[in-house]
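A look at the structure
The residues making up each chain are set out below.
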Amino acid sequence: MIVSIASDHAGFEQKQQLVESLKDEGYQVVDQGPQSDDRVDYPDFAVLVAMDVASGRADRGVLVCGTGVGMALAADKVAGVRAANIINEQFAELCRQHNNANVITLSGRFVSFEENKRILSAFLTTEFEGGRHADRVAKIDALDSRGAGK
Ligand code: RB5
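A few points on the structure. (Residues numbered from 1 in each chain as written. Predicted model: local features only at pLDDT ≥ 70, side-chain atom pairs only at ≥ 80, totals over all residues. Heavy atoms only, no water.)

Looking now at a nonpolar patch on the surface. A cluster of nonpolar residues, Val47, Leu48 and Met51, forms a patch on the protein surface that exposes about 220 Å² of accessible area. Within the secondary structure, leucine 48 sits in helix α2 (residues 42-55). Given the relative accessible area of 33%, leucine 48 is considered partly exposed. (Patch = residues over 30% accessible without salt bridge, like charges linked within 9 Å, V, L, I, M, F, W, Y side chains within 5 Å. Areas by Shrake-Rupley, 256 points an atom, 1.4 Å probe, with all protein chains shown as cover. Salt bridge = Lys/Arg side-chain N within 4 Å of Asp/Glu carboxyl O. Helix = DSSP H or I, 4+ residues; strand = E, 2+ residues; numbered from the N terminus. Buried < 20%, exposed > 50% of the residue type's maximum accessible area, 1.4 Å probe, protein only.)

Enumeration according to the criterion identifies 1 cavity of 30 Å³ or more in this entry. As for the largest cavity, its lining consists of Ser21, Leu22, Glu25, Lys117, Leu120 and Ser121. When contributions to the lining of the largest cavity are tallied by element, the ones reaching two or more residues are α1 (12-24) and α5 (113-125). Broken down by element, the residue count for the lining of the largest cavity peaks at 3 residues, all from α5. In the lining of the largest cavity, the residues fall into 2 nonpolar, 2 polar and 2 charged. (1 Å grid on protein atoms, 1.4 Å probe; cavity = no way out; pocket = protein on both sides within 12 Å on 5 of 7 lines; lining within 4 Å. Points joined across faces, edges and corners; volume = space filled by probe spheres on them. Nonpolar A, V, L, I, M, F, W, Y, C, P; charged D, E, K, R; others polar.)

With respect to spatial proximity, the complete set of residues near the ligand consists of Asp8, His9, Ala10, Tyr42, Cys65, Gly66, Thr67, Gly70 and Arg109. At 2.6 Å, a side-chain N or O of aspartate 8 approaches an oxygen atom of the ligand. Taking arginine 109, its side chain carries an N or O atom lying 3.4 Å from an oxygen atom of the ligand. Contact with the protein chains hides 73% of the accessible area of the ligand, taken as 290 Å² for the molecule alone. Considering only residue class, the shell around the ligand consists of 3 nonpolar, 4 polar and 2 charged. (Near = heavy atom within 4 Å. Polar contact = N/O pair within 3.5 Å; in protein donor to acceptor, adjacent residues only side chain to side chain.)

Moving on, we get to the pattern of salt bridges. Taken as a whole and assessed by the stated rule, the structure comprises 5 salt bridges. Between arginine 118 and glutamate 89 there is a salt bridge whose closest N-O contact spans 3.8 Å. Here arginine 118, found in helix α5, pairs with glutamate 89, found in helix α4 (residues 89-97); they are 29 residues apart in sequence, far enough to count as distant. A salt bridge links arginine 118 to glutamate 115; the shortest N-O distance between them is 2.9 Å. With arginine 118 and glutamate 115 both in helix α5 and 3 residues apart, the pair spans about one turn of that helix. A single salt-bridge network, built from bridges that share partners, covers Glu89, Glu115 and Arg118.

Here it is as C-alpha coordinates:
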(Lines give C-alpha, C1' and ligand atoms only; values in the text may rest on other atoms or scores of the structure.)
Protein backbone atom coordinates (compact mmCIF):
# COMPACT_ATOMS: atom_id res chain seq x y z
CA MET A 1 0.00 0.00 0.00
CA ILE A 2 1.29 3.48 -0.90
CA VAL A 3 0.79 6.07 1.84
CA SER A 4 1.28 9.79 1.17
CA ILE A 5 2.01 11.87 4.27
CA ALA A 6 2.63 15.53 5.11
CA SER A 7 2.34 17.96 8.00
CA ASP A 8 2.79 21.56 8.96
CA HIS A 9 5.26 22.79 11.58
CA ALA A 10 2.92 21.77 14.43
CA GLY A 11 2.75 18.21 13.14
CA PHE A 12 6.31 17.96 11.84
CA GLU A 13 7.87 15.97 14.68
CA GLN A 14 5.13 13.34 14.70
CA LYS A 15 5.13 13.21 10.90
CA GLN A 16 8.83 12.33 10.97
CA GLN A 17 8.18 9.59 13.53
CA LEU A 18 5.18 8.24 11.60
CA VAL A 19 7.20 8.10 8.36
CA GLU A 20 9.75 5.87 10.08
CA SER A 21 7.18 3.60 11.72
CA LEU A 22 5.24 3.23 8.45
CA LYS A 23 8.43 2.23 6.63
CA ASP A 24 9.29 -0.23 9.41
CA GLU A 25 5.86 -1.80 8.93
CA GLY A 26 6.48 -2.25 5.19
CA TYR A 27 4.35 0.55 3.76
CA GLN A 28 5.59 2.44 0.71
CA VAL A 29 5.75 6.04 1.94
CA VAL A 30 5.60 9.26 -0.08
CA ASP A 31 6.83 12.04 2.24
CA GLN A 32 5.38 15.27 0.87
CA GLY A 33 7.13 17.39 3.50
CA PRO A 34 7.94 19.69 5.00
CA GLN A 35 11.53 18.72 5.71
CA SER A 36 12.00 21.05 8.69
CA ASP A 37 9.84 22.52 11.45
CA ASP A 38 9.94 26.00 9.93
CA ARG A 39 6.53 27.70 10.04
CA VAL A 40 4.38 26.81 6.99
CA ASP A 41 0.72 27.04 5.96
CA TYR A 42 -1.10 23.70 6.33
CA PRO A 43 -3.26 24.01 3.15
CA ASP A 44 -0.05 24.03 1.04
CA PHE A 45 0.76 20.54 2.32
CA ALA A 46 -2.78 19.21 2.59
CA VAL A 47 -3.24 19.68 -1.14
CA LEU A 48 -0.12 17.63 -1.98
CA VAL A 49 -1.40 14.57 -0.12
CA ALA A 50 -4.99 15.13 -1.27
CA MET A 51 -3.87 15.21 -4.91
CA ASP A 52 -1.80 12.04 -4.45
CA VAL A 53 -4.89 10.21 -3.19
CA ALA A 54 -7.37 11.75 -5.63
CA SER A 55 -5.11 10.91 -8.59
CA GLY A 56 -4.46 7.34 -7.43
CA ARG A 57 -0.73 7.93 -6.92
CA ALA A 58 -1.30 6.92 -3.29
CA ASP A 59 -3.83 4.55 -1.74
CA ARG A 60 -4.22 6.51 1.49
CA GLY A 61 -3.19 9.88 2.87
CA VAL A 62 -2.03 11.06 6.29
CA LEU A 63 -1.88 14.70 7.40
CA VAL A 64 -0.66 16.02 10.75
CA CYS A 65 -1.12 19.57 12.05
CA GLY A 66 -1.78 21.01 15.50
CA THR A 67 -5.33 19.69 15.77
CA GLY A 68 -5.84 17.94 12.44
CA VAL A 69 -8.83 20.20 11.81
CA GLY A 70 -7.28 22.59 9.30
CA MET A 71 -5.77 19.72 7.34
CA ALA A 72 -9.17 18.01 7.09
CA LEU A 73 -10.93 21.19 5.98
CA ALA A 74 -8.35 21.75 3.25
CA ALA A 75 -8.02 18.15 2.02
CA ASP A 76 -11.78 17.68 1.79
CA LYS A 77 -11.95 20.47 -0.81
CA VAL A 78 -10.22 18.18 -3.33
CA ALA A 79 -12.70 16.06 -5.31
CA GLY A 80 -12.45 12.38 -4.50
CA VAL A 81 -10.95 12.94 -1.07
CA ARG A 82 -12.80 11.86 2.06
CA ALA A 83 -10.65 13.19 4.88
CA ALA A 84 -11.49 12.58 8.54
CA ASN A 85 -9.97 14.23 11.61
CA ILE A 86 -9.49 11.36 14.06
CA ILE A 87 -8.42 11.33 17.72
CA ASN A 88 -9.14 7.75 18.82
CA GLU A 89 -8.86 4.22 17.49
CA GLN A 90 -12.58 3.50 17.43
CA PHE A 91 -13.26 6.49 15.20
CA ALA A 92 -10.36 5.39 12.97
CA GLU A 93 -12.08 2.04 12.44
CA LEU A 94 -15.49 3.63 11.92
CA CYS A 95 -14.27 6.21 9.40
CA ARG A 96 -13.04 3.28 7.31
CA GLN A 97 -15.96 0.89 7.90
CA HIS A 98 -18.77 3.41 7.39
CA ASN A 99 -17.29 6.40 5.52
CA ASN A 100 -14.53 4.83 3.42
CA ALA A 101 -12.26 7.71 4.44
CA ASN A 102 -9.15 7.77 2.29
CA VAL A 103 -7.25 10.49 4.18
CA ILE A 104 -6.77 10.69 7.95
CA THR A 105 -5.81 13.90 9.69
CA LEU A 106 -4.09 13.74 13.06
CA SER A 107 -3.31 16.08 15.92
CA GLY A 108 0.37 16.57 16.64
CA ARG A 109 -0.31 18.77 19.67
CA PHE A 110 -3.09 17.03 21.58
CA VAL A 111 -2.58 13.33 20.82
CA SER A 112 0.60 11.42 21.67
CA PHE A 113 2.74 9.72 19.04
CA GLU A 114 1.99 6.28 20.51
CA GLU A 115 -1.76 6.93 20.30
CA ASN A 116 -1.50 8.36 16.78
CA LYS A 117 0.47 5.27 15.76
CA ARG A 118 -2.37 3.04 16.98
CA ILE A 119 -4.94 5.29 15.30
CA LEU A 120 -3.05 5.19 12.01
CA SER A 121 -2.65 1.42 12.17
CA ALA A 122 -6.43 1.03 12.61
CA PHE A 123 -7.05 3.41 9.70
CA LEU A 124 -4.70 1.52 7.37
CA THR A 125 -5.88 -1.99 8.24
CA THR A 126 -9.66 -1.56 8.47
CA GLU A 127 -11.77 -2.27 5.39
CA PHE A 128 -14.83 -0.37 4.15
CA GLU A 129 -17.98 -2.38 4.93
CA GLY A 130 -19.83 -1.33 1.76
CA GLY A 131 -23.47 -2.46 1.79
CA ARG A 132 -25.80 0.23 3.13
CA HIS A 133 -22.82 2.55 3.59
CA ALA A 134 -21.92 2.50 -0.11
CA ASP A 135 -24.94 4.54 -1.18
CA ARG A 136 -24.22 7.14 1.50
CA VAL A 137 -20.58 7.47 0.49
CA ALA A 138 -21.71 7.81 -3.15
CA LYS A 139 -23.90 10.73 -2.03
CA ILE A 140 -20.89 12.35 -0.36
CA ASP A 141 -18.87 11.94 -3.56
CA ALA A 142 -21.71 13.42 -5.61
CA LEU A 143 -21.27 16.63 -3.60
CA ASP A 144 -17.82 17.07 -5.20
CA SER A 145 -19.46 18.71 -8.19
CA ARG A 146 -21.75 21.00 -6.17
CA GLY A 147 -20.94 24.68 -5.86
CA ALA A 148 -22.85 27.82 -5.02
CA GLY A 149 -26.24 27.87 -6.72
CA LYS A 150 -26.14 24.21 -7.83
C1 RB5 B 1 -0.79 26.10 13.49
O2 RB5 B 1 -0.56 26.95 14.57
C3 RB5 B 1 -2.18 25.46 13.66
O4 RB5 B 1 -3.17 26.41 13.47
C5 RB5 B 1 -2.33 24.30 12.70
O6 RB5 B 1 -1.33 23.37 12.92
C7 RB5 B 1 -3.62 23.51 12.78
O8 RB5 B 1 -3.88 23.10 14.10
C9 RB5 B 1 -4.81 24.07 12.13
O10 RB5 B 1 -5.87 23.47 12.10
